[in-house]
Amino acid sequence: MSKEKNFKLLQGEISELQEESFNGLTLKVIRDSSTQRYNEKLGALHRALSYVHHCLPDAFSDLRLPILTVVFGEKVPCQVCWDNTPHGKEVYLFLGDKMMFQYNKSLQDELFSSGEKGPRGVCDQIYDDQKRFIENRALWCCCYSPHEQDYQSPVSAKATAIVVHELGHILHENNDKESFWQNNKIASPKVISADLARQVGSYVIGNNPNEFVAEVFTGLVYGKRYSEGIIKEYEKEGGVLPVWDIRGIILNERGEKR
Ligand SMILES: [Zn+2]
């Protein structure tokens, strides 16, 4: 998907929603006139930032981004774009309606034909997990003490996971620029092996290794466990390992990686 199409949006009718600071990062949030669901997007953005900051505090402060411009557009794809300006690299995070709020069919949904059809990724798995969790919660005993995350609807859980995925691209670029930009070349024929890709999600199959990194990143933040082969490939491609997941520690008590 082209970066030009996203940047075109900035030349249209846009308005500034707010400017705020989050742990040393200045966020400038702007939106186009047709975006309706900006409050939901704002909620997802705040949750995703706090999850990523919680799980990777060092990698987050290593970002040293002066400003992150977040653009809420109706029809743009969700995508991070880097723009080279005379003052240095500027980072834009575009968040579009379709990718954030569309539900992609699972195998089971195919039978009942609900949802749209797109490649299912880790963010759809987060939707499924949250849906199952809410359905089962009613059966649990009353001494259960909920986390903030437990109150989210599956739709907002997925929207949040989409932002976590995009923040994963930003952290990846910051951690290993060489791998990231090499993989990002349109001509780059590199793809992750089908066997590894299948273990993560269908969005990764046949896709650029940067998508593999962002998907595994999202899974790790949400506490998913992956095989040694996946973690090895993730680190080889320049992915950063979280120190915590959103519910607890990832490293075991001996300080070893899984
Ligand atoms: Zn991506």
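About the criteria used
- Residues numbered from 1 in each chain as written.
- Predicted model: local features only at pLDDT ≥ 70, side-chain atom pairs only at ≥ 80, totals over all residues.
- Heavy atoms only, no water.
- Helix = DSSP H or I, 4+ residues; strand = E, 2+ residues; numbered from the N terminus.
- Buried < 20%, exposed > 50% of the residue type's maximum accessible area, 1.4 Å probe, protein only.
- Contact = heavy atoms within 4.5 Å.
- Areas by Shrake-Rupley, 256 points an atom, 1.4 Å probe, with all protein chains shown as cover.
- Pairing = 2+ DSSP bridges.
- Axes fitted to C-alpha atoms, helices over the stretch in contact; angles between N-to-C directions.
- Phe/Tyr/Trp six-rings, centres within 6.5 Å; stacked < 30°, edge-to-face > 60°.
- Lys NZ or Arg CZ within 6 Å of the ring centre and 35° of its normal.
- Salt bridge = Lys/Arg side-chain N within 4 Å of Asp/Glu carboxyl O.
- Parallel < 35°, antiparallel > 145°, perpendicular 65-115°, else oblique.
- Left-handed = near helix turned anticlockwise from the far one by under 90°.
- Patch = residues over 30% accessible without salt bridge, like charges linked within 9 Å, V, L, I, M, F, W, Y side chains within 5 Å.

Caption draft 1: Spatial organisation of the overall build of the protein chain. Counting its secondary structure elements, the protein chain contains eleven helices and seven strands. The buried share of the protein chain, taken over its 258 residues, is 49%. Look at the contacts in the protein chain between residues 6 or more apart in sequence, and 61% of them connect residues 24 or more apart. Just so you have it, the protein chain exposes about 13,300 Å², and 52% of that area is on carbon and sulfur atoms.

Caption draft 2: Region of the structure containing the sheet that holds strand β5 (residues 88–96). Judged by pairing direction, the sheet is mixed, and its five strands sit side by side in the order β1-β2-β3-β5-β4 without closing on themselves. On the outer flanks of this sheet lie β1 (14–22) and β4 (79–85), each paired with one strand and no other. Neighbour-to-neighbour, the strand axes of the sheet open up by a mean angle of 25°, direction not taken into account. With six bridges joining them, strand β2 (residues 25–32) and strand β3 (residues 67–73) adopt parallel strand pairing. Within the sheet, the bridge partner assigned to leucine 27 lies in β3 and is leucine 68. Along the sheet, helix α2 (residues 38–55) contacts β1, β2, β3 and β5; its crossing angle with β1, the most-contacted strand, is approximately 25°.

Caption draft 3: Region of the structure containing unusual backbone geometry. Even without glycine at this site, asparagine 23 takes up a positive phi of about 40°. With relative accessibility at 47%, the residue asparagine 23 sits in the partly exposed group. Here arginine 64, not a glycine, exhibits a phi torsion of approximately 45°, which is positive. Taking the relative accessible area as the measure of exposure, arginine 64 reaches 67% and is therefore exposed.

Caption draft 4: Geometry of the pairing of β2. Buried residues dominate β2, accounting for six of its eight residues. With eight bridges joining them, β1 and β2 adopt antiparallel strand pairing. Looking across to β2, one finds that phenylalanine 22 is bridged to leucine 25.

Caption draft 5: Spotlight on the packing of aromatic side chains. One pass over the structure, following the stated rule, counts seven aromatic pairs. Relative to tryptophan 181, the ring of tryptophan 82 lies with its centre 5.3 Å away and its plane at 80°, an arrangement referred to as edge-to-face. Taken together, the residues span a long stretch of sequence, with tryptophan 82 in strand β4 and tryptophan 181 in helix α8 (residues 177–184) at a distance of 99 residues. When its relative accessible area of 9% is taken as the criterion, tryptophan 82 is described as buried. Tryptophan 181 sits in the partly exposed class, given a relative accessible area of 29%. The rings of Trp82, Phe180 and Trp181 are connected pair by pair, giving a single aromatic cluster. Over the ring of phenylalanine 101 we find arginine 37; its NZ or CZ atom is 3.8 Å from the centre of that ring. The residue whose ring lies beneath arginine 247 is phenylalanine 133, and the NZ or CZ to ring-centre distance is 5.9 Å.

Caption draft 6: Local environment of the pattern of salt bridges. Applying the stated criterion across every chain yields a total of 13 salt bridges. The closest approach of N and O atoms between lysine 41 and aspartate 97, which form a salt bridge, is 2.5 Å. A residue pair is termed long-range when its members are at least 10 positions apart, and lysine 41 in helix α2 and aspartate 97 in helix α4 (residues 97–101) qualify at 56 residues. As far as burial versus exposure is concerned, lysine 41 and aspartate 97 are alike and both buried. Arginine 64 is the salt-bridge partner of aspartate 62, the closest N and O atoms lying 3.8 Å from each other. Connected via shared salt-bridge partners are Lys89, Glu173 and Lys177.

Caption draft 7: Looking closely at the packing of helix α10 (residues 209–221) against helix α11 (residues 228–236). Axis separation between α10 and α11 bottoms out at 10 Å; the angle between their running directions is 120°. In terms of orientation, α10 and α11 fall into the oblique class. In terms of crossing hand, the pair formed by α10 and α11 is left-handed. Residues Phe212, Val213, Val216, Phe217 and Leu220 of α10 lie in contact with α11, whose contacting residues are Ile230, Ile231, Glu233 and Tyr234.

Caption draft 8: Inspection of a nonpolar patch on the surface at higher detail. Residues Val243, Trp244 and Ile249 make up a contiguous nonpolar surface patch of about 260 Å² in total accessible area. Its location among the elements puts isoleucine 249 in strand β7 (residues 248–249).

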